[in-house]
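# Summary of the model geometry
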Amino acid sequence: MEKYLISTGKTIDLAVEAALAQLGLTGLPGAVMAAGYYAHFKMFEGYEETGAEELARLKANAGAAAAPKVSAIKAITVNPHLISLLISSLAKYMVLFLVNGLAVYYFEYVGLNPGLMSMFMLITNLLGVAAGYMSKHVVAKMGAKRTVTVAYLVMCTMMVIAYFLYKNVPLVIALMTVTVFSMTMTNACEPELYAACAG
């Protein structure tokens, strides 16, 4: 039990660094980072307009009247949907803060293994990247509003189950990673929801 309490993220980093040096793979983290950047750009390919698409859009919009500018303060005061969406976004990030903050306490005092925190953070961050990629497909099938509603219901359900089954550490880790996955998936919905409220 004591060896788990002594292990920290720093000793794990040093051990990995020493192992890579011994194998002659000191450039591996840089290669993994470059592969991650490449995957990131491939994931979001198609979101930006190419030069030809932008010119075609500008020509099509040249004859149309310019849309009236909307003041952000005015939009908030007269639009209850926008206020609800702002509160929802704030609550979502409060959940993320709670999950991460409680994870520190949970692994230290309930799970009695603070070394699990680094594994939890790694899993949630990897699933966050996967959720960012998958969200465009889910939103295309379900729509932004329905995706957010389902994701929030999944988040609430997972947290309630974890609350009652807190003694089972692997199950709590799984439930909390699903919570963070669902929360991250809603990030792709926000631009569409805010645009619908502003109109």
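What comes next is a walk through the structure. (Residues numbered from 1 in each chain as written. Predicted model: local features only at pLDDT ≥ 70, side-chain atom pairs only at ≥ 80, totals over all residues. Heavy atoms only, no water.)

## Re the overall build of the chain
Threshold: Each helix is a run of DSSP H or I of at least 4 residues and each strand a run of E of at least 2, with the numbering of both proceeding from the N terminus. Any pair of residues with heavy atoms lying within 4.5 Å of one another is described as a contacting pair. Throughout, the Shrake-Rupley method with a 1.4 Å probe supplies accessible areas, and for residues the shown protein chains are the sole cover considered.
Helix and strand counts for the chain come out as 10 helices and zero strands. Its helices and strands in sequence order give the chain the pattern α-α-α-α-α-α-α-α-α-α, from N to C terminus. Here the contacts in the chain between residues at least 6 apart in sequence split such that 70% fall between residues at least 24 apart. Here the chain has roughly 13800 Å² of accessible surface; of this, 71% comes from carbon and sulfur atoms.

## Here we look at the layout of surface pockets
This is how the line gets drawn: Here a cavity is any set of points on a 1 Å grid over the protein atoms alone where a 1.4 Å probe fits but cannot get out, and a pocket is any open set with protein on both sides within 12 Å along at least 5 of 7 lines; a residue lines the site when it has an atom within 4 Å of a point. Grid points are joined across faces, edges and corners, and a volume is the space filled by probe spheres set on the points.
Of the pockets and cavities examined, the largest pocket occupies roughly 440 Å³. Taken together, 18 residues form the lining of the largest pocket, with Leu102, Tyr106, Ala162, Val172 and Met176 sitting closest to its centre. For the lining of the largest pocket, the elements supplying multiple residues, two or more each, are helix H6 (80-110), helix H8 (144-164) and helix H9 (169-185). Broken down by element, the residue count for the lining of the largest pocket peaks at nine residues, all from H6.

## A few points about H8
This is how it is decided: Expected helix span is computed as 1.5 Å times (number of residues minus one). Relative accessibility under 20% of the residue-type maximum defines a buried residue, over 50% an exposed one, and the middle range a partly exposed one, all with a 1.4 Å probe and only protein chains included. Our arc is simply the arc of the directions from the helix axis toward the C-beta atoms.
Taking 1.5 Å of rise per residue, the 21 residues of H8 would be expected to cover 30 Å, and the 31 Å separating its terminal C-alpha atoms lies within 8% of that figure. What H8 keeps buried is the set Ala144, Thr147, Val148, Ala151, Met155, Met158 and Ala162. End-on, the buried residues of H8 take up no more than an arc of 100°, which puts them together on one face. Turned more than 90 degrees from where H8 packs its buried face, Lys145, Arg146, Leu153, Tyr163 and Phe164 sit exposed.

## Points about empty space enclosed by the protein
Worth spelling out the cut-off: Just so you know the grouping, Ala, Val, Leu, Ile, Met, Phe, Trp, Tyr, Cys and Pro go in nonpolar, Asp, Glu, Lys and Arg go in charged, and all remaining residues, Gly too, go in polar.
On inspection of all chains with the given rule, the structure shows one cavity of 30 Å³ or more. The volume enclosed by the largest cavity comes to roughly 50 Å³. What lines the largest cavity is Leu85, Ser88, Ser89, Lys92, Val148, Tyr152, Thr186, Cys189, Glu190 and Leu193. Breaking the lining of the largest cavity down by element, the ones donating at least two residues are H6, H8 and helix H10 (190-198). Element by element, the count of residues in the lining of the largest cavity is highest for H6, at four residues. Residues of the lining of the largest cavity, tallied by class, amount to five nonpolar, three polar and two charged.

## Side note on the environment of Tyr105
Topologically, Tyr105 is positioned in helix H6. For Tyr105, a relative accessible area of 47% gives the class partly exposed.

## Looking at the packing of helix H7 (residues 116-142) against H8
Formally: Here the axes come from fitting lines to C-alpha atoms, over the contacting stretch only for helices, and the angles between their N-to-C directions go from 0 to 180 degrees. Roughly parallel means an angle under 35 degrees; roughly antiparallel, over 145; roughly perpendicular, 65 to 115; everything else is oblique. Two helices crossing with the near one rotated counterclockwise from the far one by less than a right angle form a left-handed crossing, whereas a clockwise rotation gives a right-handed crossing.
For the pair H7 and H8, interaxial distance at closest approach is 7 Å and the crossing angle is 115°. Between H7 and H8, the angle is such that the two are roughly perpendicular. Considering the relative orientation of H7 and H8, their crossing is right-handed. Across the interface between the two elements, Val138, Val139 and Met142 of H7 pack against Ala144, Arg146, Thr147 and Val150 of H8.

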